[in-house]
Amino acid sequence: MGRPTDREILARLVAFETVSDRSNLPLVDWVADLLDRPGVRIARQPTDDGKKANLAIEIGPEPGPDRSGLTLCGHSDVVPARGSGWESDPFALAERDGAWIARGAADMKGFLALAIGRAADLDPERLVRPLALLITHDEEVGTIGARRFVEEGEEPGRLPRRTIVGEPTSLEVVRAHKGHARVRIEVEGESAHSAYPHLGRSAIEPAARAIVALSELRDELAAARPPGGGVFETVPFVPLNVGRVRGGVADNVVPDRCVVELGFRPLPGMEARPLIERIRDAVAAPLTGVEWSLELVNESPPMETGADADLHRWLCQASGQEGSRAVSFATDAGWLSRAGFACVVWGPGSIEVAHKPNEFLPIDEFRRAGEVLDRAIERWCRA
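First, a word on what this report is: a plain description of the structure on this page. (Residues numbered from 1 in each chain as written. Predicted model: local features only at pLDDT ≥ 70, side-chain atom pairs only at ≥ 80, totals over all residues. Heavy atoms only, no water.)

1. Considering the packing of aromatic side chains
- Summed over all chains, the structure comprises 1 aromatic pair.
- When the ring of phenylalanine 16 is compared with that of tryptophan 30, the centres are 6.3 Å apart and the planes differ by 55°; the resulting orientation is tilted. Here phenylalanine 16, found in the loop between helix H1 (6-15) and helix H2 (25-35), pairs with tryptophan 30, found in helix H2; they are 14 residues apart in sequence, far enough to count as distant.
- Exposure remark for phenylalanine 16: the relative accessible area of 10% places this residue in the buried category. (Phe/Tyr/Trp six-rings, centres within 6.5 Å; stacked < 30°, edge-to-face > 60°. Helix = DSSP H or I, 4+ residues; strand = E, 2+ residues; numbered from the N terminus. Buried < 20%, exposed > 50% of the residue type's maximum accessible area, 1.4 Å probe, protein only.)

Here it is, written out as structure tokens:
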């Protein structure tokens, strides 16, 4: 009995409801069981609570000191599929108008299905260099699994350096992306009955002044043209977004607390800390005399791989692409590149349909991606 088809693997993957508030262990266990055989090394990296895990699978010879071979990386989690708009069960693969439809079909279980299928096909004894498959958890909520893999795992120093990080790029080869840092500002006040406002102190009003200052900083960042921004054609700067404001309990109570949540996206070569200090400086004046705090909640680093990197050049040639591409969203490649992986981001499906109802993956694109991965494994693991 042969291995499941690529379509069957994709159907099984999307059936696992791996939204971020649920465990990904059923998916991890299924993949490990499918690929487990002599010559395959399987390592799980569980979270402290044991509810989730990263999965690293190596096939073929032990990696050498040059870390040659190929790593295929993808995340197991998907965003929720709540709300209206779905025309079919989001966790059951459907076919319509030449596309697979399901939550995660494009972002990014389509790539995972192809990677798993190819790993299942391989005879470990016929590889001259290893193929590795890395499946991470919680990419959608801040590349948390990739960060744990890099900072706490035992595998980062041994997996092959050349890495394809699967994301829906419509088969365009991406060698650079921005990071994403999430910041929380908390402003404290003192509650009171709104009929006696002199007995309290609003937290919302100084927070509002801070938001105005943040909008001014946003405009300053948008006007700047830092080095490295040119590869991002539509947004060649660091975008800053105030995404959520929470405060108060009722309109007849002076609010004693207000939380402002914002994010910014540093360019390759930038560190988050200097930008955080600019945010701190911007809000310091409007928050004078008020108790407040600023916290870096989560960081996903930017990524850039040289245009002359051999995997980038090879994949561009295999995909028929001329020139470099960059995207403004963050991926697991940010943390992996910090650990010495030479990453490109590439995969079937479009980011424009990710996170939306009726997310879809063109079947022809899925097939062509599989053919390119076949050639990549032949080039980097067999030749």
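Still to come is the rest of the account.
2. So, the sheet that holds strand S17 (residues 342-345)
- Sheet architecture is open: 6 strands sit in the order S1-S2-S6-S3-S7-S17, paired in mixed fashion. Lying at the two open borders of the sheet, with one neighbouring strand each, are strand S1 (40-46) and S17. Taken over all neighbouring pairs, the strand axes of this sheet differ in orientation by 20° on average, direction set aside.
- Pairing of S1 with strand S2 (residues 53-59), which is carried by 7 bridges, proceeds in the antiparallel orientation. (Pairing = 2+ DSSP bridges. Axes fitted to C-alpha atoms, helices over the stretch in contact; angles between N-to-C directions.)

3. A closer look at the nonpolar core
- One finds Val31, Leu70, Leu72, Ile164 and Trp346 to be the most contacted residues of the largest nonpolar core, which totals 54 residues.
- Breaking this core down by element, the ones donating at least two residues are H1, H2, S2, strand S3 (70-75), helix H3 (105-121), strand S6 (131-136), helix H7 (310-319) and helix H9 (363-382).
- Top element by residues in this core is H3. It accounts for 10 residues.
- Beyond its immediate sequence surroundings of up to four residues, valine 31 is in contact with Leu13, Leu55, Ile57, Ile116 and Ile135.
- Ranked by size, the runner-up nonpolar core spans 27 residues in total, among them Val183, Ala203, Leu217 and Leu294. (Core = buried A, V, L, I, M, F, W, Y, C linked by side-chain atoms within 4.5 Å. Contact = heavy atoms within 4.5 Å.)

4. Let's talk about the pairing of strand S9 (residues 180-188)
- As paired elements, S9 and strand S14 (residues 292-300) share 8 bridges and run antiparallel to each other. Bridging across to S14, valine 187 finds its partner in tryptophan 292.
- Bridge analysis of S9 against strand S13 (residues 257-264) gives 8 bridges, and the strand direction is antiparallel. Looking at the pairing, isoleucine 185 lines up with valine 260 of S13.

5. Here's the deal with the packing of H3 against H9
- Following both chains from N to C, one finds H3 and H9 inclined at 40°, their axes separated by 10 Å at the closest point. Between H3 and H9, the crossing angle belongs to the class labelled oblique. Where H3 crosses over H9, the two elements pack in a sense that is right-handed. In this structure, H3 contributes Gly110, Phe111, Ala113, Leu114, Ala115 and Arg118 to the contact, and H9 contributes Phe366, Ala369, Gly370, Leu373, Asp374 and Ile377. (Parallel < 35°, antiparallel > 145°, perpendicular 65-115°, else oblique. Left-handed = near helix turned anticlockwise from the far one by under 90°.)

6. Observations regarding the pattern of salt bridges
- Using the criterion set out here, one finds 34 salt bridges in the structure.
- Residues arginine 118 and aspartate 374 are paired through a salt bridge, measuring 2.9 Å at the closest nitrogen-oxygen approach. One end of the pair, arginine 118, is in helix H3; the other, aspartate 374, is in helix H9, and 256 residues separate them in sequence.
- Taking relative accessible area as the criterion, aspartate 374 reaches 38% and is therefore assigned partly exposed.
- A network of salt bridges, in which partner residues are shared, links Arg3, Asp6, Arg118, Asp121 and Asp374. (Salt bridge = Lys/Arg side-chain N within 4 Å of Asp/Glu carboxyl O.)

7. Looking at unusual backbone geometry
- Aspartate 107 connects to methionine 108 through a cis peptide bond whose omega is -10°.
- At arginine 67, a residue that is not glycine, the phi angle is positive and equals roughly 50°.
- Mapped onto the elements, arginine 67 comes out in the loop between S2 and S3.
- The class of arginine 67 is buried, set by a relative accessible area of 11%.
- The phi dihedral of asparagine 358 is positive, around 60°, even though this residue is not glycine.

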